[in-house]
Each structure stands twice: as structure tokens, then as C-alpha cells.
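# Topology and contacts: notes
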Amino acid sequence: QVQLVESGGGLVQAGGSLRLSCAASGGTFSTYIMGWFRQVPGKEREFVAGISRSGGSTNYADSVKGRFTISRDNAKKTVLLQMNSLKPEDTDVYYCAADFSRGFISRSPRAYDYWGQGTQVTVSS
């Protein structure tokens, strides 16, 4: 069983930055594709960014490309999401997720097997 715990959310002004962290326990972290998603209540979770097992490959939603950076540290079992130039439309609950069965980064939330509890990000205008 894998547990994922996000941290780092909060309130920030537009144009500011936040860094989200996801700490994993249980399982073999280096074998998981990791992803970040966000969700507004009533809508499906939206893919934000994903990273391969080694960290050598990343994938971003068009809406965050050039502003967000995903990274991972397999020794520390953590995945980070550095968010710069934040916009009010980035306001959401952000979730990290782990996919242990695929060899590629999927953008579908249904591909991911484990989820954290989420952390709120609020960007004021």
C-alpha cells in the first residue's frame, strides 16, 4: 500500500510562486510514474504534469507549460511541483498520484492507482 501526502499549498497573489511537495511511503517509489492533477468540485480531475520513473521525461498540460516544473527525488521519495507566474485560474485543489502499472506518463486520472488527499492552492487577483 502506498500513501501520498501533499503539502505546500496556500494563498498567493497573482504572479507569485508556490512549491508543492508530495511525500510517498510504502511501495517502491522509483517504479511509479508520478503525476500532479487539480480539481474544482464537480469537475473531473485535470492533468497538470507528470514525470517518468527516472525523472528523465516530463509532460505538462498546455495551460501550465513554461510556468510549472515537476521534479522527483527517488532517494527521498518525493515529487515536487514548482509553480511560478501563478494566475487566478490556477486556483484548485492539487493532488499527487502514482501509477505503478504503465511505462509512460498518462494524462488520464483513471490511469493512476494511488492518490494523496490534496492541497488547496488559491491565487488572488
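A brief look at the structure comes next. Just so we're clear, the structure is a prediction, and the values are computed from it rather than from any experiment. (Residues numbered from 1 in each chain as written. Predicted model: local features only at pLDDT ≥ 70, side-chain atom pairs only at ≥ 80, totals over all residues. Heavy atoms only, no water.)

### Observations concerning the overall build of the protein chain
- Along its length, the protein chain carries 0 helices and 11 strands.
- Listed N to C, the secondary structure of the protein chain is β-β-β-β-β-β-β-β-β-β-β in terms of helices and strands.
- Here the C-alpha radius of gyration of the protein chain, 13 Å, is about what a compact globule of 125 residues would show, namely 14 Å.
- Taking the principal axes of its C-alpha atoms as reference, the protein chain extends roughly 40 × 30 × 25 Å.
- Every one of the 125 residues in the protein chain was classed for burial, and the buried ones make up 45%.
- Summed over its atoms, the accessible surface of the protein chain is roughly 6,000 Å², and 48% of this surface lies on carbon and sulfur atoms.
- With 14 positive and 10 negative side-chain charges, the protein chain shows a spacing of 4 Å between the two charge centroids. (Helix = DSSP H or I, 4+ residues; strand = E, 2+ residues; numbered from the N terminus. Rg over C-alpha atoms; globule rule 2.2 N^0.38 Å. Buried < 20%, exposed > 50% of the residue type's maximum accessible area, 1.4 Å probe, protein only. Areas by Shrake-Rupley, 256 points an atom, 1.4 Å probe, with all protein chains shown as cover. Lys, Arg positive; Asp, Glu negative; His and termini not counted. Charge placed at Lys NZ, Arg CZ, Asp CG, Glu CD.)

### Details of the pattern of salt bridges
- Here the structure, examined in full by the defined rule, presents 7 salt bridges.
- The salt bridge partner of E46 is R38, with a shortest N-O separation of 2.9 Å.
- With relative accessibility at 5%, the residue R38 sits in the buried group.
- A salt bridge links R102 to D99; the nearest nitrogen and oxygen atoms lie 3.7 Å apart.
- The class for R102 is partly exposed, based on a relative accessible area of 28%.
- D99 sits in the buried class, given a relative accessible area of 0%.
- Through salt bridges with shared partners, a single ionic network connects R38, E46, R67, D90 and D92. (Salt bridge = Lys/Arg side-chain N within 4 Å of Asp/Glu carboxyl O.)

### Some remarks on the nonpolar core
- L4, M34, W36, L81, M83 and Y94 are the most contacted members of the largest nonpolar core, which totals 36 residues.
- Contributions of two or more residues to this core are made by β3 (18-25), β4 (33-39), β5 (46-51), β7 (68-73), β8 (78-83), β9 (92-99) and β11 (119-124). (Core = buried A, V, L, I, M, F, W, Y, C linked by side-chain atoms within 4.5 Å.)

### Section: the sheet that holds β3
- Sheet architecture is open: 4 strands sit in the order β1-β3-β8-β7, paired in antiparallel fashion. Looking at strand neighbours, the two that pair on one side only are β1 (3-7) and β7, the edges of this open sheet. On average, adjacent strands in this sheet sit at an angle of 15° to one another, irrespective of strand direction.
- Here 5 bridges tie β1 to β3, and the two strands are oriented antiparallel to one another. Residue pairing across strands places S7 opposite S21, the latter belonging to β3. (Pairing = 2+ DSSP bridges. Axes fitted to C-alpha atoms, helices over the stretch in contact; angles between N-to-C directions.)

### Re the packing of aromatic side chains
- A full pass over the atoms with the stated rule returns 7 aromatic pairs.
- The interplanar angle of 80° and the centroid separation of 5.7 Å between the aromatic rings of F37 and F47 together place this pair among those described as edge-to-face. Of this pair, F37 sits in strand β4 while F47 sits in strand β5; the two residues are 10 residues apart in sequence, bridging distant segments of the chain.
- A connected cluster of aromatic rings, assembled from ring pairs, spans F37, F47, Y95, Y112 and W115. (Phe/Tyr/Trp six-rings, centres within 6.5 Å; stacked < 30°, edge-to-face > 60°.)

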